[in-house]
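# Residue-level structure breakdown
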There are 2 protein chains.
Amino acid sequence: MDTEGQGLNSRIVATGMELLEGLAGEKPSVFERGRWAGRIIDWSLRNDEFRTRMLRFVDVFPSLSTPELLARHLREYFGDLDGQLPWPMERAMGAASAAGPLGIALISKAIRYSIEKLGSQFIVGDTAGKAMKRLARIRRDGCAFSIDILGEAVVSEEEADAYAAQYGTLIRDLEEAQKTWSPLASPGKGSSPLDWGYSPMVSISLKPSSLYSQMRPQNLQGSVRAVLRRLRPLCEQLIRAGAAMCIDMESYACKDISLEVYKALRGEYPNYGQLSMAVQAYLRETGNDLAGLLAWSGSVGLPIAVRLVKGAYWDYEVLKARQNGWTIPVYTNKAETDAAFERHARLVLQHHETAYLACGTHNIRSIAAALELAREMSVPPERYEFQVLYGMAEPVRRLLKSRVGRVRVYCPYGPIVPGMAYLVRRLLENTANQSFLRQMFSEQREPWLLLRDPLEAGGAGERQPGPEGKEKAPSARVCRPGGLSDAHPFTNQPQADFTSGEERRLFGEALAGVRQRLGRTYPLFINGVERSTPDTEASVNPADPAEVVGKLCQAGRKEADEAIGAALSAFRQWRDTDPAARAAYLLRAAAHLRSRRHELAAWQVLEIGKQWDQASADVGEAIDFLEYYARQMERLGRPRALPSPPGERNYSFYEPRGVAVVIAPWNFPLAISCGMVSAAIVTGNCVVYKPSPLTPVIGRHLVDAFKDALLPAGVFNYVPGRTEEIAEYLVDHPDVSTIAFTGSTEVGLRIIEKAASIRKGQSFVKRVICEMGGKNAIIIDEDADLDEAVPAVLSSAFGFQGQKCSSCSKVVVVESIYDAFVERLIGAAGSLAVGPAEDPAYSMGPVADEKARSRILKYIEIGQSEGKLLYQGTAPAGGNYVPLTILGEIEPHHRVAQEEIFGPVLVVMKAKTFEEALDAANSTRYALTGGVFSRSPGRLEEARRRFRVGNLYLNRQITGALVGRQPFGGFRLSGLGTKAGGEEYLLHFMDPRVVTENTARRGFVPEGDMEERRRGA
Amino acid sequence: MDTEGQGLNSRIVATGMELLEGLAGEKPSVFERGRWAGRIIDWSLRNDEFRTRMLRFVDVFPSLSTPELLARHLREYFGDLDGQLPWPMERAMGAASAAGPLGIALISKAIRYSIEKLGSQFIVGDTAGKAMKRLARIRRDGCAFSIDILGEAVVSEEEADAYAAQYGTLIRDLEEAQKTWSPLASPGKGSSPLDWGYSPMVSISLKPSSLYSQMRPQNLQGSVRAVLRRLRPLCEQLIRAGAAMCIDMESYACKDISLEVYKALRGEYPNYGQLSMAVQAYLRETGNDLAGLLAWSGSVGLPIAVRLVKGAYWDYEVLKARQNGWTIPVYTNKAETDAAFERHARLVLQHHETAYLACGTHNIRSIAAALELAREMSVPPERYEFQVLYGMAEPVRRLLKSRVGRVRVYCPYGPIVPGMAYLVRRLLENTANQSFLRQMFSEQREPWLLLRDPLEAGGAGERQPGPEGKEKAPSARVCRPGGLSDAHPFTNQPQADFTSGEERRLFGEALAGVRQRLGRTYPLFINGVERSTPDTEASVNPADPAEVVGKLCQAGRKEADEAIGAALSAFRQWRDTDPAARAAYLLRAAAHLRSRRHELAAWQVLEIGKQWDQASADVGEAIDFLEYYARQMERLGRPRALPSPPGERNYSFYEPRGVAVVIAPWNFPLAISCGMVSAAIVTGNCVVYKPSPLTPVIGRHLVDAFKDALLPAGVFNYVPGRTEEIAEYLVDHPDVSTIAFTGSTEVGLRIIEKAASIRKGQSFVKRVICEMGGKNAIIIDEDADLDEAVPAVLSSAFGFQGQKCSSCSKVVVVESIYDAFVERLIGAAGSLAVGPAEDPAYSMGPVADEKARSRILKYIEIGQSEGKLLYQGTAPAGGNYVPLTILGEIEPHHRVAQEEIFGPVLVVMKAKTFEEALDAANSTRYALTGGVFSRSPGRLEEARRRFRVGNLYLNRQITGALVGRQPFGGFRLSGLGTKAGGEEYLLHFMDPRVVTENTARRGFVPEGDMEERRRGA
């Protein structure tokens, strides 16, 4: 650290001390215990459990539309915290438990009033009238403002339109109102027509994601275009009103889109200098982004304005990265964020001639740093301002007003319900351990600690950046072949991260590369040798059935016999191969797949019509199965000690069964094939693999993977063929001891029945591992968060055209929320674009083949005769497209409520109560997946117990089970209770053995497990 | 401690010091490193691993009949201990690995010579000639002797006859020899015609167990009679020769029999005062036994002689007790044994007028104590003597000779092979940490430590005695109902201990009690209510088919429907009952069975012909299943966390399936019924239980147990009925989701096939849990210990008449040992008595029914046509008896080598090599149990890998799997790979469920599983 830096830091600290002195004795209202919000926050600071529940209660509160509902939730959220509640809540709780309906209504009113008070702490107004009054007051206090309309999730294009329209109205109102406002004094310069002499009176902030419902990183350009379409009119309206606008930054996934939107808009309106862009200091990429923005500004000769904030989605970014196995995009150390903030402020101030800085922070150290940096670089005061949040830190606001003069209040506006997310974020911020406000005002930490250089406090610049400049998350560790499970525990393959431009580029290249290789002919693979047959069948692109993806040699019974013979011969060696060595083959195959992951996904896009992310997830799951089962086998391959007295040694281990036939489906053509095959192989069985006739080319890649892994000949045999010709033949074969099947219930049951008869020469009972159909329901409870429920239902029902065994096929909605849900659902469904999976602009593609298409269309007809069409989209011409269809007025006994449709058809059912909804959900012959959206702890508990399906998902989509995390599979007629990707799955491919040894000889026990020998001599 | 005691102890210590001084500078030859034995022992003292292997090598050595065999074993035992071997062995090892056949022959000779040298250290001679010479030398040295013929295990009555004949010869030889001997000087009294003036010149020691091959505690009187039959002639011969005899004490199991034999013999020959009885100080019961013996002596007016020793089977007694769950009969603290020795010596010396004491110890403290006690009580010198072991402690022998004069050397005699057990015991003794000789001569411990009063050293009298005066072993802890698995881990129900007179008495009473209740009529039990039908069937005693055990109401289809309906109704409640609560019902049922264990065993003796111990083991297993599955369910009932990133919570748990039908066999009528039923119930299913028509009365006791446990109505339903009428009906029923069956492969396969078809209205795939037949082999390797193999094969093949699915049905013998094995096998088989199971004199009883009898007889016919009858016993008239049959010259392809006979028929096959034996053993359609007798580490390892059966047993019998320790079940056509009594068994009765919760709300993660929140503010 140079002495100049030291000098600067001393000046920053000195200024900070001065500022802190200016605050002395003041406290922000959020920490004032006399007020409701202050009391709640104070309690939350002292009790983590209460804090969690309070935040959750605040979150669900807007949906509690009746006093009874409110009383029940109060009991469920706080009923067991007796004596740990702040007094007003204790009183309410007591009343909620004891009072009659009238009492409950009164309490309900009181609580509602209190929460609204809490909301009004942070929200400038829930109506335009209130907001205008408060904005005027802010201005009278000498501060500028920027107003933001609350409500973040738009699930449909209609909602995006409505949101844009709200901004239109707001701007019009403000334009009117500003006419009555006097300008603010420009400190040091005297008055001027605009605030501070250079800035518009009116400023709005706006989130791009609220202007487009289908924002997706893989569709960057499309998303930018869609946002601009709605943003342009607003921009022009603002220009006419002489008002400023800031493009807010939200979640990391939208960052690049937002930056593109900003640059596009700025370019389109080169004279509109009042357009600013928010950047978040907590993002590791912001340094590069900001430098890029400034460089762009210089190159195009357009001045820019930057709102620099710390960032408000830290929890969300971390958990999303962790859940997907991505590198964490934010700094995980608060001091690093603070240091970055100062770094970024310096950069903008350095460019002050063309870049304006809005410095958004309540942190006195950060404020002092900005002031001293500006002073050091002689930045004119009109080139930067400070921003604070409404209701958050009034003493800081007053201080900035009096010392600096240029302070703008960021003012959220709108009704409580859509604003609840914002409110929760604010509460979270104020109660976080690392919150500067908490430390300063509530914990009254020492000034020197508060003002310390963040570089000293641990924010020493960037740590070692990952490949994309982000920190490596623990879950992204990739295991090398040969790794042992203890040294390298299993982690899921990271999901494809299309926020990365590189990832998007590679995927596009992979698609182009695959397209060049279409139409080739593929042989069988038996006993380690390629084997051609004259008979071939074509596999085609469902989006364009004229396009041949590949031609497959077809195995007949002769080839099936050969494959079984090869497997049987290989078995003798393979079963005695050390389990850890067998596991190593899987790890090598995983490395192979990983090295080709974009290409393998691209094949799926073309051969079966999977969207980019769906196809990538399938490849990831295939890799996961290999990595997971390898480790499971290392564990299961070690003999397990059983209780043994002295002189006896008991232990158990497992033995493979023999030849396994794997009959795979087309819907997860690589993942499920790979899962069943690798489980059979790693446990020591030898495999005859029949891919689906719809996806044989994808299945063929397993041959490459296992060849590359140097798997011994005969252990894996690839025999595509016509189902009617060889499937039953393989099942019936007396040398086949295990059959792993995933597919329809009809076929599954037939296999189970056929496998149960013992053929001549067969000396074992065949084992069938079978995953079959589903008729999966999602229940929408009356307090569901529709912002989350609607997109989750859509993705569960229509992801990959509803062709997953886990897909949501019916949604059961509790009466009181039915209309609200259905309205948003239909709107959202109508916003989904349908077209070839190749183009990431489309959410939905073609179904598997013509046979599937006609079956689905037939069900749509049946559904229309049983109930009523609620919504039907259109289907593009050319491919196997089926229109997205939502059916209503369906009763539990209807065929479309009972039978698996396996296509983009969703039935909606109404239930009087949650109980009835559970009954309707449970009422089929299947038990595979299910979901519930509810924020009632009691209802969730009831669902855990009574919603009897293999995989139940609470408050999220019901597809996308991950290996290890969500062992997958159902029971009843959905499956045999095996769980793919779970700890018990491999057991089904083996038989247990127990060995008991008498270790005593002549009464002498060698092991030394006897106590000290104390014999007479 | 009184001052007198203190004074005595001081005198003992003083005398001890004096004796120790007398030893100074001397070392027993076993510790002389210059000698082979000393070197080996020295090495063993320093290296535990070497000690273990050396002892095992010494044990197997006699059977290594060729140089190649010896070389292979050398490599297998010591090959990986390079650098950890004493030098002569290193050299031999190197040569064994490198040398050609000639070299191996030479090394083999050298090793053989060395081991024989080692043996000759402790054995007075391997031929009569050598022995006589050495005995004469001992006498010339001034010591008396007692001679014992080595060889402990007699597996047949022929061997017992041969053993008795050896004693006859020995006595004749000694009678002849003593004519040439001069009498020993009687110290302090001058010479006299007999040694020391009052004792015969010739003395022999004899183990009663060597005189009867079928010694069993439950048949105490019968065993005593059999021993006496062979002992009387010897006794009379000794009387004629003027020689003495001592009845040796062996394992605890034979103790009461030996004492009875002594008293009987002493009574029959009242004038033969030279008969002494050995007692072991390490047994907790010896105090009482000795007091009883002295009291008896007084009451009948017959003087006695007592050989007091410490006891030489400590390891064996402890491990046997531990393995059976018995209280440990020996002191587990060496000091306690030493203290007891002094206590017992005092008691005998107190009675010196009628009781002579032979004090057998090398422990200087013990010797000093005996001397001082004798002095204190003024015991005349001719009323006690000291005894030492041949080859063990020459300095002690010399010391005693010079200081006391009266010392007798206990001299084992005979060839090395049968003497190996003795040799190992001696090596063990000399290398044990607690060995006085080791401490004194090898470790040269401080004299005060060696001479310390054992009471001070930790042998403070008896500890709290158990109910029968034995210490409670940890494994005997009984768990109370309601116990939790953590606080009360599972332990097996102790085996019935018929060494206890009380146990024998209670069992006899139970039999008498049951007999009074024969012939009653039993109703069905459906939905918690007794239900009579007019239609009944009788269940009879297979030993006397005219005797009706009970009459059973018969369920028809109507009653089956009722039972299924009741189970289905009860299921709704039962499945939602907390798993821990369900487990508690099982623990209560276990307590019920435990309280009636003798009675429940007695019913089995009469209804199905189980021997006392077999019947008791069945009841114990039933209790085990209840206790074990209860604990397993407590474990499995807790949801299991799955890997979860922040914001997500994944966990799995299990769900019951519905109505389970249990179809039970008759061969383990309570245990297997109880196992299947309790597994189904505790997992939350409701049960329809059909007992075997041959054992419905035993099955009926489950009703009592579950009634007593207050199990809710409908959860358990008892429906005995005709198999042809209801078995398939139950299997086919569409409301039955699980079928648990144990029985024949034929029926099992039929059930599997029928259960695989989905009936109308059925919304699940039926699960079948199925244990079927076996064709189980034991392999006898060339180095097998036949003393152990022969009885183990017999008990495996003929226990409960071979009617266990685990029974040994064929024995495959490696050629080189074939003749030796078969000879002993046939001899031993011929020694088994056949008759009603009620009488514990019989080893084998009737088979299940007339149908079984004719089937088995038919197989015997087939076997005779395929091979040749090696042995056939006789069958008593009246009951369903089948003669015990052994068939030879059987080839692997013969029907009797392939098909399950399920009766007392054993086929013997010859194999050229061990490999071939493995192939022959594996060559059936079954894979249930198997066994190997081998002492080759390499062969055992090969068996572990390649002997592919569900339960493999090495060097022990292959029946009697215990819950928890040997999870039981096979694969191929023996079963479906389930393991009853194992950790995975309950999983088959349930379906797994996974719940995934999104725990984030508005991006906020509540669990606090995120790192410290480090967000900007």
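Residues numbered from 1 in each chain as written. Chains lettered and ligands numbered in written order. Predicted model: local features only at pLDDT ≥ 70, side-chain atom pairs only at ≥ 80, totals over all residues. Heavy atoms only, no water.

## Concerning the overall build of chain A
- A count of helices and strands for chain A gives 33 helices and 30 strands.
- Rg of the C-alpha trace for chain A: 32 Å, near the compact-globule value of 31 Å for 1017 residues, within the 12% margin.
- Overall, the C-alpha framework of chain A stretches about 105 × 95 × 70 Å when taken along its three principal axes.
- Expressed as a percentage of its 1017 residues, the buried residues of chain A come to 66%.
- Considering only contacts within chain A whose residues lie at least 6 apart along the sequence, 76% involve residues at least 24 apart.
- Of the roughly 34,200 Å² that chain A leaves accessible, carbon and sulfur atoms contribute 52%.
- The centroid of the 123 positive side-chain charges in chain A is displaced by 1 Å from the centroid of its 122 negative side-chain charges. (Helix = DSSP H or I, 4+ residues; strand = E, 2+ residues; numbered from the N terminus. Rg over C-alpha atoms; globule rule 2.2 N^0.38 Å. Buried < 20%, exposed > 50% of the residue type's maximum accessible area, 1.4 Å probe, protein only. Contact = heavy atoms within 4.5 Å. Areas by Shrake-Rupley, 256 points an atom, 1.4 Å probe, with all protein chains shown as cover. Lys, Arg positive; Asp, Glu negative; His and termini not counted. Charge placed at Lys NZ, Arg CZ, Asp CG, Glu CD.)

## A word on the nonpolar core
- Counting 222 residues, the largest nonpolar core has A:Tyr629, A:Ile681, A:Phe716, B:Tyr629, B:Ile681 and B:Phe716 as its most contacted members.
- Look past the residues within four positions of A:Ile681 in its chain and what remains in contact with it is A:Trp574, A:Arg582, A:Leu586, A:Val687, A:Phe706, A:Leu711, A:Val715 and A:Phe716.
- Of all hydrophobic cores here, the second largest spans 144 residues; its members include A:Leu23, A:Val306, A:Leu427 and A:Phe441. (Core = buried A, V, L, I, M, F, W, Y, C linked by side-chain atoms within 4.5 Å.)

## Structural notes on the packing of helix α23 (residues 612-636) of chain B against helix α24 (residues 671-682) of chain B
Residues and elements named next belong to chain B.
- At a minimum axis separation of 8 Å, α23 and α24 run at an interaxial angle of 15°. One way to sum up the angle between α23 and α24 is to call them roughly parallel. In the crossing of α23 with α24, the sense of the turn from one axis to the other is right-handed. Side by side, α23 and α24 meet where Asp618, Glu621, Ala622, Phe625, Leu626, Tyr629, Ala630 and Met633 of the first sit next to Ala671, Cys674, Gly675, Ser678, Ala679 and Val682 of the second.
- In terms of residue class, the contact of α23 with α24 is built from 10 nonpolar, 2 polar and 2 charged. (Axes fitted to C-alpha atoms, helices over the stretch in contact; angles between N-to-C directions. Parallel < 35°, antiparallel > 145°, perpendicular 65-115°, else oblique. Left-handed = near helix turned anticlockwise from the far one by under 90°. Nonpolar A, V, L, I, M, F, W, Y, C, P; charged D, E, K, R; others polar.)

## Points about the packing of aromatic side chains
- Enumeration according to the criterion identifies 46 aromatic pairs over all chains in this entry.
- When the centroid spacing of 5.9 Å and the interplanar angle of 40° are considered together, the rings of B:Phe50 and B:Phe78 count as tilted. One end of the pair, B:Phe50, is in helix α3 (residues 48-60); the other, B:Phe78, is in helix α4 (residues 67-78), and 28 residues separate them in sequence. Each member of the pair, B:Phe50 together with B:Phe78, is buried.
- Pairing B:Trp666 with B:Phe902 gives two aromatic rings, centres 5.8 Å apart and planes at 80°, and the pair type is edge-to-face. With B:Trp666 in the loop between β16 (659-663) and α24 and B:Phe902 in the loop between α31 (895-898) and β25 (905-911), this pair connects stretches of sequence that are 236 residues apart.
- Of the aromatic side chains, those joined through ring pairs into one cluster are A:Phe490, A:Phe625, A:Tyr628, A:Tyr629, A:Tyr985 and A:Phe989.
- Here B:Lys310 stacks its cationic end above the ring of B:Phe341, 5.0 Å away from the centre of that ring. (Phe/Tyr/Trp six-rings, centres within 6.5 Å; stacked < 30°, edge-to-face > 60°. Lys NZ or Arg CZ within 6 Å of the ring centre and 35° of its normal.)

## Thoughts on the interface of chain B and chain A
- In this complex, chain B contributes 117 residues to the contact, which on the side of chain A involves 117 residues.
- Both sides of the chain B and chain A interface together cover about 10,800 Å² of buried area, and 52% of this is carbon and sulfur.
- Between B:Glu648 and A:Arg965 there is a salt bridge, and its shortest N-O distance comes to 3.0 Å.
- One can count 48 residue pairs in polar contact (both at pLDDT 80 or more) joining chain B with chain A. (Buried area = accessible area lost by both parts, 1.4 Å probe. Salt bridge = Lys/Arg side-chain N within 4 Å of Asp/Glu carboxyl O. Polar contact = N/O pair within 3.5 Å; in protein donor to acceptor, adjacent residues only side chain to side chain.)

## Let's talk about the sheet that holds strand β7 (residues 384-389) of chain A
Residue and element names in this part refer to chain A.
- What the 8 strands build is a closed barrel, ordered β1-β2-β3-β4-β5-β6-β7-β8; its pairing is parallel. Each adjacent strand pair in this sheet contributes to an overall mean axis angle of 30°, direction not counted.
- Here strand β6 (residues 355-360) pairs with β7 via 4 bridges, running parallel. Bridge pairing links Gly360 to Gln387 in β7.
- Against the sheet, helix α10 (residues 255-268) engages β3 (244-247), β4 (275-280) and β5 (304-309), with an angle of about 160° to β4. (Pairing = 2+ DSSP bridges.)

## Overview of the side chain of B:Ser934
All names here are of chain B.
- In this fold, Ser934 is placed in the loop between β27 (929-933) and α33 (937-946).
- A relative accessible area of 0% means that Ser934 is categorised as buried.
- Of the polar contacts made by the side chain of Ser934, one reaches the backbone nitrogen of Ser936; its length is 3.0 Å.

## Concerning the pairing of strand β27 (residues 929-933) of chain A
Residues and elements named next belong to chain A.
- When you tally the buried positions in β27, you get 5 out of 5 residues, the bulk of the element.
- Alternating positions in β27 separate into two faces, Thr929, Gly931 and Phe933 on one and Gly930 and Val932 on the other, with burial throughout.
- Where strand β21 (residues 776-780) lies against β27, 4 bridges are found, and the strand directions are parallel. Directly across from Ile779, in β27, lies its bridge partner Val932.
- The sheet contact formed by β27 and strand β28 (residues 951-954) spans 4 bridges and is parallel. Bridge pairing in β28 places Val932 opposite Leu954.

## Details of the sheet that holds strand β2 (residues 203-206) of chain B
All names here are of chain B.
- If you walk around this closed barrel you meet the 8 strands as β1-β2-β3-β4-β5-β6-β7-β8, and the pairing is parallel. For this sheet the average axis-to-axis angle between neighbouring strands, irrespective of direction, equals 30°.
- Two strands pair when backbone bridges link them, and strand β4 (residues 275-280) and strand β5 (residues 304-309) are joined in this way by 5 bridges, in the parallel orientation. From the neighbouring strand, Ala278 faces β5, where its bridge partner is Arg307.

## Remarks on the relation of the copies chain B and chain A
- Superposing chain B onto chain A takes a rotation of 180° combined with a translation of 0.1 Å along the rotation axis, leaving an RMSD of 0.1 Å. Interpreted geometrically, this transformation is the action of a two-fold axis. Judged by C-alpha distance, B:Ala756 is the residue of chain B that lies nearest the rotation axis, at 3.1 Å.
- Residue by residue, 100% of the interface of chain B is reproduced at the interface of chain A, so both copies engage with the same surface. (Least-squares fit on C-alpha atoms with pLDDT ≥ 70 in both.)

## What to know about the confidence of the model for chain A
All names here are of chain A.
- Per-residue confidence for chain A gives a mean pLDDT of 91, with 93% of residues at or over 70.
- For the stretch residues 189-194, pLDDT sits under 50, and the model shows 12 contacts to residues farther than four places along the chain or on other chains.
- Counting contacts from residues 460-484, a segment whose pLDDT is below 50, to residues more than four positions away or on other chains yields 60 contacts.
- Predicted as a complex, the structure gets a pTM of 0.94 and an ipTM equal to 0.94. (pLDDT = per-residue confidence, 0-100.)

## With respect to the pattern of salt bridges
- A complete count under the given rule lists 146 salt bridges over all chains for this structure.
- Measuring nitrogen to oxygen at the nearest pair gives 2.6 Å for the salt bridge that ties A:Arg944 to A:Glu941. Taken together, the positions of A:Arg944 and A:Glu941, both in helix α33 (residues 937-946) and 3 residues apart, correspond to about one turn of that helix.
- Between B:Glu599 and B:Arg596 there is a salt bridge, and its shortest N-O distance comes to 2.9 Å.
- The class of B:Glu599 is buried, set by a relative accessible area of 14%.
- A single salt-bridge network, built from bridges that share partners, covers A:Arg517, A:Glu530, A:Arg596, A:Glu599, A:Arg700, A:Asp704 and A:Lys707.

## Section: the environment of A:Gly675
Residue and element names in this part refer to chain A.
- Among the structural elements, Gly675 can be located in helix α24 (residues 671-682).
- Take Gly675: its relative accessible area is 3%, and that puts it in the buried class.
- Put simply, Gly675 and Ala980 are 305 residues apart on the chain and 7.5 Å apart in space, counted from C-alpha to C-alpha.
- Those residues in contact with Gly675, other than ones at most four positions away along the chain, are Phe625, Tyr629 and Tyr985.

## Things to note about helix α30 (residues 850-866) of chain A
All names here are of chain A.
- Compared with an ideal rise of 1.5 Å per residue, which puts 17 residues at 24 Å, α30 spans 24 Å between its outermost C-alpha atoms and is within 8% of the ideal.
- Of the residues making up α30, those classed as buried are Ala852, Ile856, Tyr859, Ile860, Ile862 and Gly863. The buried residues of α30 all sit within an arc of 165° when viewed along its axis, so they share a single face. Every exposed residue of α30 that faces more than 90 degrees away from the buried side is listed here: Lys851, Lys858, Glu861 and Ser865. (Expected span 1.5 Å × (residues − 1). Arc of directions from axis to C-beta.)

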